[in-house]
There are 2 protein chains.
Amino acid sequence: MKSKFVFVLLVLGTYFSAFAQQKQARGFEAKADVVEKGLIKVSVLYPYAEGKTFDMDYYEKNHMPYVAGLLGSNLVRYTIEKGISSGIPNSPLPFMAIGSFYVKSVTDYQAAIAPHREAIRADFPKYTNISPIILISEVVK
Amino acid sequence: MKSKFVFVLLVLGTYFSAFAQQKQARGFEAKADVVEKGLIKVSVLYPYAEGKTFDMDYYEKNHMPYVAGLLGSNLVRYTIEKGISSGIPNSPLPFMAIGSFYVKSVTDYQAAIAPHREAIRADFPKYTNISPIILISEVVK
């Protein structure tokens, strides 16, 4: 009876370990496949020019979390990048910063943003004097 | 004895389920933290204008894998996005496509690309008549 009990425990242990690993593997796969490919990406690009300023600290801690908070479960994730230089030698920096929202539906994005458009614009002068370019794109890969 | 056995099974089941979920949660967290923040992103942006063309199929199947293949272990991943529209009403599409390489070192990126710059440029006319903008940025979030 005792050895049978130990055997059952071993079988169960193996089963749950395998299950745990499979779940983790699926987690990674889901992230790579589902999180980006086929999603809509809304990119807000801030072109550099002489006299233009950008407060990355305010953007990261206030502006982006505020806009992200309006998007609810339609938002998969958002990213922020800081422009360093042009990749073409002797060319000026093209963009000071880019903020991007990865969303499931562009319609839901627009519906969520529309009632807050003026408030979002009113926040711009708190971190930049740049008029951004906004690109809506589809993640291909 | 039988009820004790059932109790042990219940405890084990709960333990392994919790373990499985924790492992999965760690998987997601690791992916989000390690893969992007602090990396260098090299973005190649193709501005839209009248008469400009872009063959996404060739770009995805030939050009991007070719360039990615030059970068070795410095490349963490690369992405491709297809421009759909401007996010600002009544504005033209800003970019037809953006291809991005996430790398660990910008110096290593430049060293890997330099000897192939002419070959890379010679591949451009096979998919586009656009002169791209190249931005080197740092992933902040």
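On a predicted model such as this, the values are computed, not experimentally measured, just so you know.

A.B. asks: Looking at this model, I keep getting lost on the pattern of salt bridges. Mind explaining?
C.D. replies: A side chain of one charge can pair with a side chain of the opposite charge if their charged atoms are brought near each other. Counted by the stated rule, this structure contains twelve salt bridges over all chains. Between R77(A) and E36(A) there is a salt bridge, with its nearest N and O atoms 2.2 Å apart. A residue pair is termed long-range when its members are at least 10 positions apart, and R77(A) in strand β2 (residues 75-86) and E36(A) in the loop between α1 (2-34) and β1 (40-47) qualify at 41 residues. Shared partners join several salt bridges into a network, and the residues in it are E36(A), R77(A), E36(B) and R77(B).

A.B. asks: Sorry, what's going on with the nonpolar core here?
C.D. replies: Nonpolar side chains tend toward joint burial in soluble globular proteins. Within the largest apolar cluster, 68 residues are counted, with the highest numbers of intra-cluster contacts made by Y46(A), F101(A), Y46(B) and F101(B). With residues near it in sequence (within four places) discarded, F101(A) still touches I40(A), K41(A), V42(A), M64(A), V67(A), A68(A), L71(A), L75(A), R77(A) and Y78(A). Residues Y102(A), V139(A), L39(B) and Y102(B) belong to the second largest nonpolar core, which totals six residues.

A.B. asks: In this structure, what is going on with the packing of aromatic side chains? I would like to understand it.
C.D. replies: Given two aromatic rings, one states the distance between the centres and the angle between the planes to describe the pair. All names here are of chain B. Within the structure shown, the criterion is met by 19 aromatic pairs over all chains. Between Y46 and F54 the ring centres are 4.9 Å apart and the planes differ by 65°, which places this aromatic pair in the edge-to-face class. When its relative accessible area of 1% is taken as the criterion, Y46 is described as buried. Assessed through its relative accessible area of 16%, F54 is described here as buried. Ring centres of Y46 and Y59 lie 5.6 Å apart, and the angle between their planes is 80°; on these two criteria the pair is classed as edge-to-face.

A.B. asks: Hey, could you run me through the environment of G99(B) in this one?
C.D. replies: Residue and element names in this part refer to chain B. Along the polypeptide, G99 turns up in strand β3 (residues 95-103). In the structure, G99 is positioned 55 residues away from V44 in sequence and 5.2 Å away in space, judged by C-alpha atoms. Ignoring sequence-local partners within four residues, the contact set of G99 consists of V42, S43, V44, Y59, M64 and T79.

A.B. asks: Teacher, can you tell me more about the UniProt feature "domain: EthD" (unreviewed entry) in chain A here?
C.D. replies: As recorded in UniProt, the feature "domain: EthD" (unreviewed entry) lies at residues 56-128 of chain A. The span residues 56-128 of chain A carries 41% helix and 29% strand; its end-to-end C-alpha distance comes to 9 Å.

A.B. asks: Sorry, what's going on with the pairing of strand β3 (residues 95-103) of chain A here?
C.D. replies: Regular strands place side chains that alternate from one sheet face to the opposite one. Residues and elements named next belong to chain A. Along β3, nine of the nine residues are buried, which leaves the element largely enclosed by surrounding structure. Relative to β3, β1 runs antiparallel, the two being bridged by eight bridges. Along β3, the bridge assignment pairs V42 with F101. Where β2 meets β3, seven bridges bridge the pair, whose relative direction is antiparallel. Looking across to β3, one finds that L75 is bridged to V103.

A.B. asks: Is there a simple way to think about the pairing of β1(A) in this case?
C.D. replies: Residue and element names in this part refer to chain A. The element β1 is extensively covered by neighbouring structure, given that seven of its eight residues are classed as buried. With six bridges connecting them, β1 and strand β4 (residues 133-139) associate as antiparallel partners. Within β4, the residue paired with V42 across the bridge is I136.

A.B. asks: Sorry, what's going on with the sheet that holds strand β2 (residues 75-86) of chain B here?
C.D. replies: The pairing of strands in a sheet comes from backbone hydrogen bonds and takes either a parallel or an antiparallel form. One closed barrel accounts for eight strands, arranged β1(A)-β3(A)-β2(A)-β4(B)-β1(B)-β3(B)-β2(B)-β4(A); its pairing is antiparallel. On average, adjacent strands in this sheet sit at an angle of 30° to one another, irrespective of strand direction. Across the sheet, helix α2 (residues 56-70) of chain A lies against β1, β2 and β3 of chain A, angled at about 155° from β2(A), the strand it touches most.

A.B. asks: Honestly, empty space enclosed by the protein in this entry has me stumped. Any pointers?
C.D. replies: The probe, sized like a water molecule, is rolled over the atoms to show the empty space still left. Taken as a whole and judged by the stated rule, the model has four cavities of 30 Å³ or more. Estimated volume of the largest cavity: approximately 50 Å³. Looking at the largest cavity, the residues that line it are K41(A), S43(A), L45(A), E81(A), I98(A), S100(A), K41(B), S43(B), L45(B), E81(B) and I98(B). Taken together, the elements giving at least two residues each to the lining of the largest cavity come down to β1 and β3 of chain A together with β1 (40-47) of chain B. Its boundaries defined by the atoms lining it, the second largest cavity holds a volume of some 50 Å³. Lining the second largest cavity are E36(A), K41(A), Y102(A), V139(A), K141(A), T79(B), I80(B) and E81(B). The biggest single contributor to the lining of the second largest cavity is β2(B), with three residues.

A.B. asks: Mind showing me how you'd approach helix α3 (residues 106-113) of chain B here?
C.D. replies: Each turn of an α-helix holds 3.6 residues, which means side chains three or four residues apart point in the same direction. All names here are of chain B. Within α3 the residues assigned to the buried category are Y109, A112 and I113. The arc that holds every buried residue of α3, seen down its axis, measures 95°, which confines them to one face. Those residues of α3 that are exposed and aimed more than 90 degrees away from the buried face are T107 and A111. Tucked into the core, α3 has its buried residues touching β1, α2 (56-70), β3 and α4 (117-123). The N-cap residue of α3 is S105: its side-chain oxygen and the backbone nitrogen of T107 are 3.3 Å apart.

Conventions used here
Residues numbered from 1 in each chain as written. Chains lettered and ligands numbered in written order. Predicted model: local features only at pLDDT ≥ 70, side-chain atom pairs only at ≥ 80, totals over all residues. Heavy atoms only, no water. Salt bridge = Lys/Arg side-chain N within 4 Å of Asp/Glu carboxyl O. Helix = DSSP H or I, 4+ residues; strand = E, 2+ residues; numbered from the N terminus. Core = buried A, V, L, I, M, F, W, Y, C linked by side-chain atoms within 4.5 Å. Buried < 20%, exposed > 50% of the residue type's maximum accessible area, 1.4 Å probe, protein only. Contact = heavy atoms within 4.5 Å. Phe/Tyr/Trp six-rings, centres within 6.5 Å; stacked < 30°, edge-to-face > 60°. UniProt positions renumbered as here; feature names shortened; annotations may be inferred. Pairing = 2+ DSSP bridges. Axes fitted to C-alpha atoms, helices over the stretch in contact; angles between N-to-C directions. 1 Å grid on protein atoms, 1.4 Å probe; cavity = no way out; pocket = protein on both sides within 12 Å on 5 of 7 lines; lining within 4 Å. Points joined across faces, edges and corners; volume = space filled by probe spheres on them. Arc of directions from axis to C-beta. Polar contact = N/O pair within 3.5 Å; in protein donor to acceptor, adjacent residues only side chain to side chain.

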